[in-house]
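Residue-level listing of the chains:
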Amino acid sequence: MLNLAKGKPVSIEPKISDNPGKHFVDGDDATLFYAYPTAPMNEIVVDLLGAFYIDRVLLRGFRGTDTLRIYAISSAGEKKEVFADVLPAKKLITFKPIEAHKLVVEYKPKDKTLMGELEVFAYEPQPVMVNQSGYNTGAVKRFTAPLAADGTPFLVVKAGENKTLFEGTIKDKIGDFSAFNPTGSLAYQVIVKGKDAGKSFPFKIAPYLIERVSYKPAMQFMIDDRCWYGNTNSFVPTVENAGCPFLGVAWRDSHQFSFELQALINLYFSNPDAFTVEQMPIEGQYIGLRKELPENTPEIVRLIYYAVDIYLRGKVNHTLLKEQLAYFLYAYPYLSEYIPKEVYEEAKDYLFSIWGNTDNSRWRWHDIEHSADLFQIYTIMGTGKGQFPPGHSIVPNLMLYEVAKREGRKDAERYWNAALKQTVWIIDNLDWNDPATTKGQRMNEYVTMQSLSYFFKHYPDKAPKKLLEKIRSWAEVAVKRSDNMWDFRKYKEDKWVIPDIKPASDPTFNPNGSFNEPGNIAGFPAAVLAAKQVLSDKKLKDKLEQLAVGHIDNVFGRNPTGRHYSYDACVDFEGADIGWFQELEGGAGMLQTVRGVLDGSPKEDVYQYDPYGGDPGHTEGWVTFNTAWMEGIAYRNYDLTALSVIGNLKNKEITLQLAAPLNLNPLVQEQAKIRVAKNGKDDTVVVLEEEGVDALYFKKVLNVEELPFKLIKGDVLTFSYGLGHFTKEASITIN
């Protein structure tokens, strides 16, 4: 999977001063190489600086439609043609393995043609697929060797070395090195032995590494993809049009079912200290918003306010956009330090006044006809487009129930009853064995399990009968469908990938198709970890955690193509080695230039393992993929966070220990802020120090007399990290 052509010497004919051949192999999409129709033939010769056994050539970004010829020249000087045709849709050319010292590309276009990047790859008799960025210390670490026999030995070594640091054997094409937890942030490789040796890309193992490499591109996507690029002076909505130049309400190429506010709030609440201005300096512009926020406002909170301001100015009334505002009302007490109360009051008055209204005209795309009255039971279900996931109204109604109680409203029970009835309908009517209820919802499948888990977790004594069993049965189906070499949850028993985005009842539905599903895979950790929160069966919970890690691994390269889902992965994601085959030119909503885009995912033809099978299918980034990914990150944050307090009150000391994804700079000793409450009322903050500069834990030995409380016997001190529904707590009683 290593690009043999990158940075190698190039000679070209014809020579044109402002069109250097090095642009063809420099690995940089920003530098462009062109073929010209004025020449009898454009010939590019790449010297690989050695003899290699090659079987693949990828032309990233190539836009030509004329016949292309490629030749391999051996070290003995023998020239053999390996391809002569129009470039396939996958941009990947494969051929029988052949020795090559040089590669010759010949092309005569009818018009000036961008040729993009040439990538050349060696034949791999023993491929080894890993998470290219790496793995978390103390967590699940698995890889796939798709051609290895059971019992084949494997080693983990430092990158570029051969000394064995860990060893194991392959079982069912999978190697597990979860027990290998070295200190530091070094790079490692997996070597698979057997008849043919194989070696993985280098990867790191470090505390909270996957979270560290995910936060920045997740935020950058949400910054870059905003309508008007953050200048809301251009926002002029009408009844018919939301006013975004490239479709959407607040984000380009968004829809009413992109769930941006939920994703931002959940990500922030799950790990607030990771998103401070100190950790993430402000990158975006926020022009034309009605309120100026304080300088210390985290960017993620600025994005939350940006959306709320746009939604209120636009008078949104669609079912799912109203639900987004419900999240904001619930979350506001934790955002009040930054967002003025007038914003909350405006949102509260507006949302409560329209919650039961039927009109959903502002605004909607790919919608299913329905009433926007959120007190009803929704018995309709979305399609693979993701526009109406079952249970979408449960959490928003429960949140408005809490807001209504907080505000002293007399109608609080209406919201509770709506959530309860909707949950009962799901328990009684959804069959998890029908893929339309699970992966058939594509990127927004997580919403259903998120909703059911939230209900049970926060109202265990009032939850409907059989709710926990419904969650457990979903988890069992997910585990059953994931019994394969990739730890990958399949669409159904005999199909890997969602076949179509149309409903199965549509006469044009293609049951044998294969569609783009990056959001479903990147968001799947949210679903399985939401279920894990409320289940008690350790074996089942361990398996769900394994699936959560496995699906993030899949996004980062542990899949049959061996590629990261982002075309620009090598630029946007720390540690990534090889990005997706292609991207949508321009990108719907101008996403091509946005950072952190998830462009594509493996299609049916490459599973179980046929990396050259078929073309990559539909490839197109979408905000709805990225918000699903952010939800996956949020639930991983919560799953990884643990807080403990050990008392030694004879000398008035207690020891606080926090595990949380806050090791964002492995060279700096960082801090975490823990909230402390006395008897659930008084509140203060205690600062914990990281145990070193690259650690799993933050600790503090606290003398309780340092707290600004007067304590007496029987008082309960509660320590917490995270916000709202993502809070983790530990308590101790003064005795």
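Thresholds applied
Residues numbered from 1 in each chain as written. Predicted model: local features only at pLDDT ≥ 70, side-chain atom pairs only at ≥ 80, totals over all residues. Heavy atoms only, no water. 1 Å grid on protein atoms, 1.4 Å probe; cavity = no way out; pocket = protein on both sides within 12 Å on 5 of 7 lines; lining within 4 Å. Points joined across faces, edges and corners; volume = space filled by probe spheres on them. Helix = DSSP H or I, 4+ residues; strand = E, 2+ residues; numbered from the N terminus. Nonpolar A, V, L, I, M, F, W, Y, C, P; charged D, E, K, R; others polar. Expected span 1.5 Å × (residues − 1). Buried < 20%, exposed > 50% of the residue type's maximum accessible area, 1.4 Å probe, protein only. Phe/Tyr/Trp six-rings, centres within 6.5 Å; stacked < 30°, edge-to-face > 60°. Lys NZ or Arg CZ within 6 Å of the ring centre and 35° of its normal. Disulfide = S-S within 2.5 Å. Salt bridge = Lys/Arg side-chain N within 4 Å of Asp/Glu carboxyl O. Core = buried A, V, L, I, M, F, W, Y, C linked by side-chain atoms within 4.5 Å. Contact = heavy atoms within 4.5 Å.

### Brief notes about empty space enclosed by the protein
Counted under the stated rule, the structure contains 7 cavities of 30 Å³ or more. If you add up the space inside the largest cavity, you get close to 130 Å³. Considering the residues around the largest cavity, the lining is formed by 16 residues, among which Asn136, Ala139, Val549, Arg636 and Leu640 are closest to the centre. Those elements that provide at least two residues to the lining of the largest cavity are strand S9 (134-136), helix H11 (538-555) and helix H13 (623-640). The biggest single contributor to the lining of the largest cavity is H11, with 5 residues. Here the residues of the lining of the largest cavity sort into 9 nonpolar, 3 polar and 4 charged.

### Considering H13
Taking 1.5 Å of rise per residue, the 18 residues of H13 would be expected to cover 26 Å, and the 26 Å separating its terminal C-alpha atoms lies within 8% of that figure. Among the 18 residues of H13, 16 are classified as buried, and the element is accordingly described as predominantly covered.

### A few points about the packing of aromatic side chains
Applying the stated rule across the entire model yields 39 aromatic pairs. On the basis of an interplanar angle of 45° and a centroid distance of 5.4 Å, the ring pair of Tyr401 and Trp416 is categorised as tilted. Taken together, the positions of Tyr401 in helix H6 (residues 394-406) and Trp416 in helix H7 (residues 412-429) put the pair 15 residues apart, joining distant regions of the chain. You can call Trp416 buried: its relative accessible area is 5%. Between Trp416 and Phe455, the ring centres sit 5.2 Å apart and the planes meet at 55°, which makes this aromatic pair tilted. In this pair, Trp416 sits in helix H7 while Phe455 sits in helix H8 (residues 446-458), placing the two residues 39 residues apart along the sequence. Across the ring face of Tyr286, the terminal group of Arg226 is positioned such that the distance to the ring centre comes to 4.4 Å.

### Focus on the state of the cysteines
Applying the stated criterion to the full structure yields 1 disulfide. Covalently, Cys227 is tied to Cys244 through a disulfide, its sulfur atoms 2.1 Å apart. What sets the handedness of the Cys227 and Cys244 disulfide is the S-S torsion sign, and at about -100° it is left-handed. Note that Cys227 is positioned in the loop between helix H1 (209-224) and helix H2 (260-270) and Cys244 in the loop between H1 and H2, a separation of 17 residues in sequence.

### Quick notes on the pattern of salt bridges
For the structure on display, the rule yields 40 salt bridges. For the salt bridge of Glu585 with Arg63, the shortest nitrogen-to-oxygen distance reads 2.7 Å. Of this pair, Glu585 sits in the loop between helix H12 (569-572) and H13 while Arg63 sits in the loop between strand S3 (42-60) and strand S4 (68-73), and the two are 522 residues apart along the sequence. Overall, Glu585 belongs to the partly exposed group, its relative accessible area being 37%. Owing to a relative accessible area of 48%, Arg63 belongs among the partly exposed residues under this scheme. The partner of Asp176 in a salt bridge is Arg142, with the nearest N and O atoms 3.2 Å apart. You can see Asp176 sitting in strand S13 (residues 174-176) and its partner Arg142 sitting in strand S10 (residues 142-144), a full 34 residues away along the chain.

### Section: the nonpolar core
In terms of nonpolar packing, the biggest core is built from 182 residues, with Trp251, Tyr311, Phe328, Trp474, Leu658 and Phe719 touching the most fellow members. When sequence neighbours within four positions are dropped, the list of residues in contact with Phe328 reads Ile265, Ile304, Val308, Leu335, Ile339, Val343, Tyr344 and Ala347. Core analysis: the second largest hydrophobic core is formed by 30 residues, Phe33, Ala35, Tyr107 and Val120 among them.

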